[in-house]
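# Remarks on the overall topology
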Amino acid sequence: MNIHDTIVAIATPMGRGGLGVVRLSGADSRAIAERILRFRVEPRWQSWSSQMAEIVDERDAPIDQVVVVFFEQPKSYTAEDVVEISCHGSPVVLRFCVERAVAAGARLAEPGEFTLRAYLRGRIDLPQAEAVRELIDATTLYQAQVAARQIEGSVSRRIRPVKEQLLELVSLLEAGIDFAEDDVSVAKPEEVLRRLIPIRNSVEQLIATFGSGRLVFEGFTLAIAGRPNVGKSSLFNRLLERDRAIVTDIPGTTRDLVSETTTLGGIPLKLVDTAGIRQGQGLVETLGIERAFQAVADADLALLILDLSQEMTAEDRELLEKLSDRRPLLIGNKSDLPRRLEGPCDLVAVSARTGEGIQALRETILLRLAPEGLAPPESGGITSIRHAHLLKESHEALQQAARAVEFNIPHEMLLIDLYAALRPIDAITGATTADDILNRIFSTFCIGK
Ligand SMILES: Nc1nc2c(ncn2[C@@H]2O[C@H](COP(=O)(O)OP(=O)(O)OP(=O)(O)O)[C@@H](O)[C@H]2O)c(=O)[nH]1
Ligand SMILES: [Mg+2]
């Protein structure tokens, strides 16, 4: 892929709409636009302003009236010259416009290439580029809010200080080794630890934010389990706010898994309704029950439903026992009926029939999944599994380094661990070059002054 080509693509989604935008980026954007468009008056390429034009066919007949907006580099999305052509949103017109641009010298953009260029030109860093994708894919406003803050740099703002401190430490040790004769003293173990430990702790804190951050874009899966007739499907429908699963008073109504997605507190939620669990009732039901156990095992959280209007049965007890290692959330359903259930006091009482207690249940579920609550969008917590993995890798190397200091290992060896801690962080924020370290050595330690 040549990043000096001028590229073109339809920027709006496929299909028909009021408007559709064709975007050009690269040094020839203006020239190409002039080749494919007919301007009413001599085009004036003033940045951030628009002008009227027409797309014309090979015989110079107008196809569409368009508005052309020019963004002069570097103040554009890609930090290159960008021309956006707003056409009417007809797929035929948009395709024609792109074809004309290609004939006039543009290349079709690869997927994500506009954002890639913004990154390569240094306008945004990797977490920001990744967040563009999250913003476009967002299905809830909360997700969009988080992604928007990430595009503004919320993640980088949290990671960069850690990287700075790590670079400082690396430079300090490098200076001690390379310029030992220039009376740069070798850092003492206490000094190294004094700098190293806060770095390790910061990385640890960042990793901890992934606990709830993971939920933001990935969402979570909730399995609803219990013996027959306790109201699992009713609760499933209630949480979905529509009649999706069949509800009857016949025990054993649900036999297969029924799953649907919805959202809870702005995060995606996959709900799974399961067959009522009881002893051997024919092949189909038995297979359904196997699946119910599997669904509970696969879920992020299981809701174990009990019937408040009945005394606890042997099946209930068996289930409580069987699922205990999954730490299910205990729900007492049918709170609208006189209570006969004794026992577990830590249950959430609801009525799937009347909706009573459902709001509290939603809150309890969220609290179980994110005990500290969902982070505010601007907190810059980690939401990407890629970032989380890299930070864990860095953390391990920092642990290793801390041990190395305690064992008084030579700084040359210690540096190997520190570089191993830096590399994964670089993979998030963009690479550190040898110059970064040298500049730091010279600016901080005044060598050869
Ligand atoms: N009074 C009352 N009845 C309820 C409530 N929730 C469910 N029911 C009734 O309980 C019966 C069983 O409901 P379902 O939702 O089908 O129960 P289930 O747990 O899915 O049953 P299986 O699929 O057979 O395992 C139906 O007659 C529901 O109308 C409730 O909150 N209050
Ligand atoms: Mg059911």
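The model shown is predicted, which means the values in this text are computed figures rather than measured ones.

What follows is about the overall build of the chain. Scanning the chain from terminus to terminus reveals 14 helices and 13 strands. On C-alpha atoms alone, the chain measures out to a radius of gyration of 30 Å, which is more than a quarter above the 22 Å that the 2.2 N^0.38 rule sets for 449 residues. Each principal axis of the C-alpha atoms in the chain carries an extent, and together these give about 80 × 80 × 35 Å. Counting every position in the chain, which comprises 449 residues, the buried fraction comes to 49%. A separation of at least 24 residues holds for 66% of the contacts in the chain among residues at least 6 apart in sequence. Counting 51 positive and 64 negative side-chain charges, the chain places the centres of these two groups 4 Å from one another.

Taken domain by domain, the chain consists of domain 1 (7-124), domain 2 (131-209 + 381-429) and domain 3 (217-369). Each of domain 1 and domain 3 has a C-alpha centre, and the two are 53 Å apart.

In this section: the packing of helix α12 (residues 385-406) against helix α13 (residues 411-429). The interhelical angle for the contact between α12 and α13, taken along N-to-C directions, is 165 degrees, at an axis separation of 8 Å. Between α12 and α13, the angle is such that the two are roughly antiparallel. Taken as a pair, α12 and α13 cross one another with a handedness that is left-handed. Along the contact surface, α12 presents Arg-386, His-387, Leu-390, Leu-391, Glu-393, Ser-394, Ala-397, Leu-398, Gln-400, Ala-401, Ala-404 and Val-405, while α13 presents Leu-414, Asp-417, Leu-418, Ala-420, Ala-421, Pro-424, Ile-425, Ala-427 and Ile-428. Taken together, the residues of the contact of α12 with α13 break down into 15 nonpolar, three polar and three charged.

The subject of this paragraph is the coordination of the magnesium ion (ligand 2). Coordination of the magnesium ion (ligand 2) by the protein involves Ser-233 (OG) and Thr-254 (OG1), with metal-donor separations of 2.0 Å. One end of the pair, Ser-233, is in helix α8 (residues 232-240); the other, Thr-254, is in the loop between α8 and β9 (258-264), and 21 residues separate them in sequence. Pair check on accessibility: Ser-233 and Thr-254 agree, each one buried.

Pairing in this open sheet of seven strands is mixed, and the strands run β3-β4-β5-β6-β2-β1-β7 from one edge to the other. The sheet terminates laterally at β3 (37-39) and β7 (107-108), the two strands that pair on one side only. Alignment of strand β1 (residues 7-10) against strand β2 (residues 17-25), held across four bridges, turns out to be antiparallel. In the strand pairing of β2, Ile-7 is matched with Ser-25. Contacts between helix α1 (residues 29-36) and the sheet are confined to β2, β3, β4 (49-56), β5 (62-71) and β6 (82-89), with β3 contributing the most and set at about 85 degrees to the helix. Contacting β1, β2 and β7, helix α3 (residues 113-120) runs over the sheet at an angle of about 135 degrees to β1.

Moving on, we get to the site of ligand 1. Near ligand 1 there are 23 residues, and of these Lys-232, Ser-234, Gly-252, Thr-253 and Asp-336 occur at the shortest range. Separating an oxygen atom of ligand 1 from a side-chain N or O atom of Ser-234 is a distance of 2.5 Å. Thr-248 places a polar main-chain atom, nitrogen or oxygen, 3.3 Å from an oxygen atom of ligand 1. When ligand 1 sits alone it has 650 Å² of accessible area, and the protein chains cover 93% of it. With three residues, the single largest contributor to the shell around ligand 1 is α8.

About the cut-offs
Residues numbered from 1 in each chain as written. Chains lettered and ligands numbered in written order. Predicted model: local features only at pLDDT ≥ 70, side-chain atom pairs only at ≥ 80, totals over all residues. Heavy atoms only, no water. Helix = DSSP H or I, 4+ residues; strand = E, 2+ residues; numbered from the N terminus. Rg over C-alpha atoms; globule rule 2.2 N^0.38 Å. Buried < 20%, exposed > 50% of the residue type's maximum accessible area, 1.4 Å probe, protein only. Contact = heavy atoms within 4.5 Å. Lys, Arg positive; Asp, Glu negative; His and termini not counted. Charge placed at Lys NZ, Arg CZ, Asp CG, Glu CD. Domains from an automatic or database assignment. Axes fitted to C-alpha atoms, helices over the stretch in contact; angles between N-to-C directions. Parallel < 35°, antiparallel > 145°, perpendicular 65-115°, else oblique. Left-handed = near helix turned anticlockwise from the far one by under 90°. Nonpolar A, V, L, I, M, F, W, Y, C, P; charged D, E, K, R; others polar. Donors = N, O, S within 2.8 Å, 3.2 Å for Na, K, Ca; no water. Pairing = 2+ DSSP bridges. Near = heavy atom within 4 Å. Polar contact = N/O pair within 3.5 Å; in protein donor to acceptor, adjacent residues only side chain to side chain. Areas by Shrake-Rupley, 256 points an atom, 1.4 Å probe, with all protein chains shown as cover.

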